[in-house]
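A look at the structure
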Amino acid sequence: MKIRKKTRLGWLLPVLAVFAIVAAACGDDEADEPAAQPATTTAAAAPEEAPEEAPTTTEAPAEEMMGLGEVSVGHYYGSDLGQQGILDVNSTWADGDAVVSPIEHEAFKDQILIALAGGEPPDVFSYWAGARTQSVYDNGHLQPITAAFDEADVWNNFPQALVDAGVYGGEPHLLPFGFHYVAFFYNPHVMAEAGITEMPTTGDELFAAAEQIAATGVKPFALGSQFRWPAQFWFDFLILRTAGPDYRAQLMSGAASYEDPEVTQALQLWKDLVDAGFFIDDANAYDWTDAADQVANGEAAMTLMGTWITGYWNGIGLEPVTDYDFFNFPVLNPAIENAALGPIDGWALSADAANPEGAMSLLVHYADPANQLTWALEQGALPPNSNADTTQLNPVMAKALVEVGKADSYSFNYDLATPPPVAEVGLDMFQAFMDDPSSFADLQASAQADAQAAFAG
Amino acid sequence: MKPTTRWALLFMGPPIALFAAIVVLPTAMALRLSFTDASLLGQSSEWIGLDNFTEAFTNDHVRKSIRITLVWTLFGAVVPPALGLTVAMVLQANSRFAAIMKSALFVPISISLVVVGQVWIWIYQPGDGLINQLLGAVGLESLQEAWLANRSTALYAVFISWAWQQAVLAMILYLAGLTSIPSELVEAARVDGAGQLQVFRRVILPLLRPITTVVLSLIAINSLRNFDLVYAMTQGGPVRETETMPMLVWRILFRQQEQGLASAVSLILFVMTLVVIGGLTWWGRRGSYVD
């Protein structure tokens, strides 16, 4: 029996010792490194804990420094440029401490859904206006940001189309932070060599210009549809310019069919351009940056892309106007209104936010015209706040802003205009189309069947 | 309770609890979800019986994905083990350079699949990729291809990059197996007049059967759960031609946000894995010399 007791103690003592060491180590961490608290430490908890501790002269400045406490921020600007831009904007926020978690753009699409579904999202997170935000809102994962809209007077300081893009269920839920404009971005040197001095404004002129460019041995259009989404802009514009924004809205909501003559007409026009050999070969083998490179190095003349391409080109040393410029997608039917196209990036407040008060203050900071300009200049976006000093934008971005202003309406690109499950159907169709446009009637039929099933849920 | 039973419970308890927490419980939850219309972001869900399974077996995309996964697993059961065994036998026969060669050949298995994917993307590039450059250098421009963008070559292109790494895994295991074969048995067979091929077929292969079971099991598991490489190289494209089942589950869950259907497809994959591994284990035991 004695031996047994000794054996038990022999087991117990090391366990207790390890436990004591771990506990002591944890205690030390808390005492010595209050500033190194993980992002999970919420500012909301701080005021509750404060009364338990005797106020000391050393704690008072710390509390002042924290102000509204920590606000966790998740965003998809994972590039060096994007990360730095957010840090620069946050650095001027004095009311609290923004703890940022940047995630690579594509990975963010999954990560944020996991965080939201798991009930542990960041307080504030970047998101795309349109169907994606609608989906998150519909499932109850957002809370209204009316206070931020009111305090920053977003209602009057932002263009109406952008204000509307932030309103879901009758209340503001997304603060527009930057937006983009999709157009034909071209290489002026290639255009000059092909003898094109005036950019095309109609469908016939575009076709003629493409023939002129092709005659010089250069492909008129670069497209990198390996990951599908870059092809959507072609479909978007061909529908918008031939059938109009109202019809497109019906198609995006399931009220119209992918087998409609309007869709057939758009795909036929697209097919004509592909059949004419105007697109770079094997578009599905390339990403959008490959397409941007093909335009930059003169293998292709232009690519249909958003203004974010300017950030990429600036990063590789190209000069706006001299090395790249843009023109609008030409008018295909003069009777149809001029719709601008592009995504709007914004900030949303999680329903499960640990520090909504701090988050609201940060959102007001993000709505500030100077901060929006900082972001726009660093990222290659357009600032939604009309009071931002746009004279600082480079000439190409300034021109994009003017073109948006001239447009009769602003539409989200395809994968932000239709619910996520339906967007999958269309994106598949566009990639299949680029693989073999001859069978587009079959693609329309299968897309309609799949879209119908997706809308039915 | 006997003291030995108490000790057994003490030692077995934590791993069993851990196994239950990280395997049994999630599987049970996936099973429950597969009978509901749960969406990834939804706060509630309804019981819909076998609807998700019915949809899975009638949906063209799911059936295509099952077919791709089975083709992949079938090729995976042949190509990497055959390559691995061949290289292992060559290395064993040439002891002079074996050490250097082994070190060099071990490299692929130490590389992450995402990096493997990036390397092979460059090899397959349509313009300046290695394969097309080589074809151009020997005057075979007509065979140049956008290997990952062509719907008829993409699956095989991704498979080859995966097999390149898996062959090394097979080689390592076969090398260990070959060194454990008593040389007396091989010599005795030769004394009895057996040729090289007969020694291989009648002596070496049967003795390697337990190793072959392990190789096939590991490669089958890697085939059936293959996600990283496909995601890195094609994300299931072009036009879903490389969409393996794990890739499809990812797509249904994160892009379509249908958690119930994703769980049902996961369970189908789980059952496929059980059947394949169970079959291989049975095959391994049936003719094993160890038994």
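Residues numbered from 1 in each chain as written. Chains lettered and ligands numbered in written order. Predicted model: local features only at pLDDT ≥ 70, side-chain atom pairs only at ≥ 80, totals over all residues.

The next point concerns the interface of chain A and chain B. Taken together, the contact pairs 22 residues of chain A with 18 residues of chain B. Elements with a contribution of two residues or more to the side of chain A that touches chain B: helix H5 (105-118), helix H6 (131-138) and helix H21 (420-435) of chain A. Per element, the largest residue contribution to the side of chain A that touches chain B is seven residues, and it comes from H21(A). A per-class count over the side of chain A that touches chain B returns nine nonpolar, seven polar and six charged. (Contact = placed C-beta atoms within 7 Å. Helix = DSSP H or I, 4+ residues; strand = E, 2+ residues; numbered from the N terminus. Nonpolar A, V, L, I, M, F, W, Y, C, P; charged D, E, K, R; others polar.)

Quick look at the domain arrangement of chain A now. Residue and element names in this part refer to chain A. Domain annotation for chain A reports domain 1 (68-180 + 343-387) and domain 2 (183-341 + 402-456). A straight line from the C-alpha centre of domain 1 to that of domain 2 covers 28 Å. Each side of the interface is counted separately: domain 1 has 14 residues, and domain 2 has 16 residues. Sorting elements by how many residues they give to the side of domain 1 that touches domain 2 places H6 first, with three residues. Within the side of domain 1 that touches domain 2, the residues separate by chemical class into eight nonpolar, five polar and one charged. (Domains from an automatic or database assignment.)

With that settled, the discussion passes to the sheet that holds strand S2 (residues 97-102) of chain A. Residue and element names in this part refer to chain A. In spatial order, the strands read S2-S1-S3-S12-S6; together these five strands make up an open sheet with mixed pairing. Lying at the two open borders of the sheet, with one neighbouring strand each, are S2 and strand S6 (174-179). Averaged over all adjacent pairs, the angle separating strand axes in this sheet is 25°, with direction ignored. Note: strand S1 (residues 70-75) against S2, six bridges, orientation parallel. When the bridges of S2 are listed, His75 appears paired with Pro102. Here helix H4 (residues 80-90) sits on the sheet and contacts S1 and S2; the angle it forms with S2, its principal contact strand, is near 170°. (Pairing = 2+ DSSP bridges. Axes fitted to C-alpha atoms, helices over the stretch in contact; angles between N-to-C directions.)

To continue, consider the nonpolar core. Counting residues in each nonpolar core, the largest one holds 193 residues, and the members touching the most others are Leu363(A) and Val265(B). Element by element, the count of residues in this core is highest for helix H7 (residues 154-179) of chain B, at 14 residues. Two domains each donate at least three residues to this core, and these are domain 1 (68-180 + 343-387) and domain 2 (183-341 + 402-456) of chain A. Excluding residues that lie within four positions of it along the chain, Leu363(A) makes contacts with Val124(A), Ile145(A), Ala148(A), Leu175(A), Trp347(A) and Leu349(A). (Core = buried A, V, L, I, M, F, W, Y, C linked by C-beta atoms within 7 Å. Buried ≥ 20, exposed ≤ 12 C-beta atoms within 10 Å, placed from the backbone.)

Moving on: the sheet that holds strand S10 (residues 325-327) of chain A. Residues and elements named next belong to chain A. Spatially, the four strands line up as an open sheet ordered S8-S9-S7-S10, and their pairing is mixed. Each having just a single partner strand, strand S8 (219-222) and S10 make up the two edges of the open sheet. Going across the sheet, the axis of each strand differs from the next one's by a mean of 30°, ignoring polarity. Relative to strand S9 (residues 300-305), S8 runs parallel, the two being bridged by three bridges. Pairing of Ala222 across the sheet is with Thr303, part of S9.

All names here are of chain B. It is the contact of helix H10 (residues 209-224) with helix H13 (residues 259-286), at a shortest axis distance of 9 Å, that shows an interaxial angle of 170°. Looking at the two axes, H10 sits roughly antiparallel to H13. Residues Arg209, Pro210, Thr213, Leu216, Ser217, Ala220, Ile221 and Leu224 of H10 lie in contact with H13, whose contacting residues are Leu269, Met272, Thr273, Val276, Ile277, Leu280, Thr281, Trp283 and Gly284. For the contact of H10 with H13, a count of residues per class yields 11 nonpolar, five polar and one charged. (Parallel < 35°, antiparallel > 145°, perpendicular 65-115°, else oblique.)

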